[in-house]
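A closer look at the structure
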Amino acid sequence: MTTAQTLLKVEGLKKHYPIHGGIWGRRVGEVRAVDDVSFSVRTGETLGIVGESGCGKSTTGRAILRLEEPTAGDIRFEGTSLLSLGVEAMRRMRRELQMVFQDPFASLNPRKTAGAIIEEPLRVHGIGDANERKQQVKELLQVVGLDSYHAERYPHQFSGGQRQRIGIARALAVRPKLIVADEPVSALDVSIQSQVLNLLEDLQESFDLTYLFIAHDLSVVRHISDRVGVMYLGRMVELADRDELYNNPIHPYTQALLSAVPVPDPDAKRERIILKGDVPSPRNPPAGCAFHTRCPHVMDICRKVRPEFTDQGGGHFAACHLTG
Ligand code: SF4
């Protein structure tokens, strides 16, 4: 269900990593992992963010939760500027914003039982006494499709899909409003992916969740998202309602990405657009439109002037000189 209310507003977000070199270890450059990204997430929706590896989508998610400290920009959650919060206030705020990570094995402490892992955020936020927390852990295990006896087991005793269910239960424990899910199914077998996606959809309904869903797989993002944003080289290049984006992509990069996705209807012909060259390095991004080195429609202006990310009508945003 989507509503018009904004839960999260990201404006001009940047995350640059300094590069040090030479014998003095001086700063010799920077990697612009996220370079001036703006979007908002509405209460109750799933906003998908898609793009190739290295486009900055995961860094964007981590920067929103301040797991990576942003270089610049503003992040407002229910109107509160997260970047203005001190350490303690941000720690309390994390009750509202949780993250589900890509690799459930790496993100779960191998020396802790599933029960202890799920209980941890409850303890950190001082929720309930030991018995109440134990009861909540049991309920959470059931909510994500596991059994209460699983609380005593260790991460290596679970399958990949079960481990991701534990990661989801841990995120859910403090009843957050927003979950940033960073490639939550990409490490799983295809047969398991849809089970975890369906679980996330069910939980969204029953726990009134809002998702920022980050993935490289366009089919996965299409399945779960209400709106979809496309990132390229640290920038958002297009954002629209899901069906609008998939049926009527404006940006040449989105058009190329979508042309590679199999179409379910065998009569529907879609010509594959093969992009030339590799993604340039975010250490030295091209001037003007960052996509100009690979764009089949490149014009002179594209090499010099960065296109604005503007609403092309009906909330369909794109950054391309072809559309003005
Ligand atoms: Fe291509 Fe120019 Fe549009 Fe960039 S601005 S996507 S280079 S046409």
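Residues numbered from 1 in each chain as written. Predicted model: local features only at pLDDT ≥ 70, side-chain atom pairs only at ≥ 80, totals over all residues. Heavy atoms only, no water.

The cut-off we apply is this: UniProt positions are given in the numbering used here, feature names are shortened, and annotations may be inferred rather than shown by experiment.
As recorded by UniProt, the Sequence similarities (unreviewed entry) comment attached to the chain reads in full: "Belongs to the ABC transporter superfamily."

**A short note on the overall build of the chain**
For clarity, the threshold we go by: The way it works is that DSSP assigns letters per residue, a run of H or I at least four long becomes a helix, a run of E at least two long becomes a strand, and they are numbered from the N terminus. To get the radius of gyration, use the C-alpha atoms; to get the globule rule, take the number of residues to the power 0.38 and multiply by 2.2 Å. The classification of residues rests on relative accessible area computed with a 1.4 Å probe and restricted to protein chains. Under 20% of the type maximum is buried, over 50% is exposed, and intermediate values are partly exposed. Whether two residues are in contact is decided by their heavy atoms, any of which lying within 4.5 Å being enough. Only the protein chains shown count as cover for residues, and the accessible areas themselves come from Shrake-Rupley with a 1.4 Å probe. Charged-residue counts in this description rest on Lys and Arg as positive and Asp and Glu as negative, His and the chain ends being excluded. Just so you know, the charge point we use is NZ for Lys, CZ for Arg, CG for Asp and CD for Glu.
Of the regular secondary structure elements, the chain holds eleven helices and twelve strands. Taken against the 2.2 N^0.38 rule, which gives 20 Å for 324 residues, the C-alpha radius of gyration of the chain at 21 Å falls within 12% of a compact globule. Over its C-alpha atoms, taken along the principal directions, the chain stretches across nearly 65 × 60 × 40 Å. Looking at the chain as a whole, 48% of its 324 residues are labelled buried. Contacts spanning at least 24 positions in sequence make up 63% of the contacts within the chain whose residues lie at least 6 apart. In the structure as shown, the chain presents an accessible area of about 15,600 Å², 48% of it carried by carbon and sulfur atoms. Of the charged side chains in the chain, 40 are positive and 40 negative, and the gap between their average positions amounts to 7 Å.

**What to know about the sheet that holds strand β4 (residues 72-77)**
Selection rule: A strand pair is defined by DSSP finding two or more bridges across the two strands. Note on definitions: angles span 0 to 180 degrees between N-to-C directions of axes, and those axes are lines fitted to C-alpha atoms, for helices only across the stretch in contact.
On the basis of which strands lie adjacent, the open sheet formed by four strands has the order β2-β1-β4-β5 and antiparallel pairing. Looking at the sheet topology across the chains shown, the edges are occupied by β2 (26-42) and β5 (80-81). The pairing of β4 with β5 spans two bridges and is antiparallel. By the bridge assignment for β5, R76 is matched with S81. In this fold helix α1 (residues 57-64) packs onto β1 (6-21), β2 and β4, with an angle of close to 110° to the strand it touches most, β1.

**A short note on the domain arrangement of the chain**
Note the cut-off: Each domain's extent was defined by an automatic or database domain assignment. By buried area we mean how much accessible surface two parts lose on assembly, using a 1.4 Å probe and totalling the loss over both. Each reported salt bridge corresponds to a side-chain nitrogen of Lys or Arg within 4 Å of a carboxyl oxygen of Asp or Glu. Counted as a polar contact is a pair of N or O atoms within 3.5 Å, where, for protein atoms, one must be capable of donating a hydrogen and the other of accepting one, and residues adjacent in sequence contribute only when both atoms are in side chains.
The assigned domain composition of the chain is domain 1 (6-96 + 176-266) and domain 2 (107-175). Taking only C-alpha atoms into account, the centre of domain 1 sits 25 Å from that of domain 2. On the domain 2 side, the residues contacting the 17 residues of domain 1 number 14 residues. Carbon and sulfur atoms make up 71% of the surface buried where domain 1 meets domain 2, a total of about 1,400 Å² over both sides. Of all residues in domain 1, R95, P176 and F207 bury the most surface against domain 2, accounting for 38% of the area lost on that side. Where domain 1 meets domain 2, there are zero salt bridges. Counting every contact that joins domain 1 to domain 2 gives two residue pairs in polar contact (both at pLDDT 80 or more). For the side of domain 1 that touches domain 2, the elements supplying multiple residues, two or more each, are α2 (87-93) and α7 (190-206). Here the side of domain 1 that touches domain 2 takes six residues from α7, the largest share from any one element.

**Considerations on the side chain of H16**
Here H16 is to be found in strand β1. One polar contact links H16 to E30, side chain to side chain, over a distance of 3.5 Å. When neighbours within four sequence positions are excluded, H16 is seen to be in contact with E30, V31, R32, V34, D35 and T71.

**Quick look at the UniProt feature "domain: ABC transporter" (unreviewed entry) in the chain**
In this structure's numbering, the residues bearing the UniProt feature "domain: ABC transporter" (unreviewed entry) are residues 8-258. A distance of 27 Å separates the end C-alpha atoms of residues 8-258, which is 37% helix and 29% strand.

**Some thoughts on the pattern of salt bridges**
On inspection of all chains with the given rule, the structure shows 19 salt bridges. Across the pair E183 and K57 runs a salt bridge whose closest N-O atoms are separated by 3.7 Å. In this pair, E183 sits in the loop between β7 (178-182) and α7 while K57 sits in helix α1, placing the two residues 126 residues apart along the sequence. Each member of the pair, E183 as well as K57, carries the same accessibility label: buried. The shortest N-O distance in the salt bridge between E119 and R133 comes to 2.7 Å. With E119 in helix α4 (residues 114-124) and R133 in helix α5 (residues 130-143), the pair connects residues that are 14 residues apart, well separated along the chain.

**Brief notes about the packing of α4 against α5**
Between two packed helices, what matters for the description is the angle formed by their axes and the separation of those axes. Our working rule: Oblique is the label for any angle not covered by the other classes, which are roughly parallel (under 35 degrees), roughly antiparallel (over 145) and roughly perpendicular (65 to 115). Throughout, a crossing is termed right-handed when the near helix is turned clockwise from the far one, and left-handed when it is turned anticlockwise from it by less than a right angle. Any residue that is not Ala, Val, Leu, Ile, Met, Phe, Trp, Tyr, Cys, Pro, Asp, Glu, Lys or Arg is counted as polar, Gly included; the first ten are nonpolar and the last four charged.
Where α4 meets α5, the closest approach of the two axes is 9 Å, and the angle between their N-to-C directions is 120°. Accordingly, the angle class assigned to the pair α4 and α5 is oblique. Like other packed secondary-structure pairs, α4 and α5 cross with a definite hand, here right-handed. Between α4 and α5, the residues in contact are G115, I118, E119, L122 and R123 and R133, Q136, V137, L140 and L141, respectively. Partitioned by chemical class, the residues of the contact of α4 with α5 number five nonpolar, two polar and three charged.

**Digging into the site of the ligand**
Formally: Think of it this way: one heavy atom of a residue within 4 Å of a molecule or strand is enough to make that residue near it. Cavities and pockets were defined on a 1 Å grid built over protein atoms only: a cavity is a set of grid points that admits a 1.4 Å probe from which the probe cannot escape, a pocket is an open set flanked by protein on both sides within 12 Å along at least five of seven lines, and lining residues are those with an atom within 4 Å of any such point. Those molecules having more than half of their atoms within 2 Å of a cavity or pocket grid point set are described as sitting in that cavity or pocket.
Surrounding the ligand, one finds H251, P252, C289, F291, H292, C295, H297, C302, P307, C320, H321 and L322. Judged by its atoms lying within 2 Å of the grid points, the ligand is housed in the largest cavity. Residues of the shell around the ligand, tallied by class, amount to eight nonpolar, four polar and no charged.

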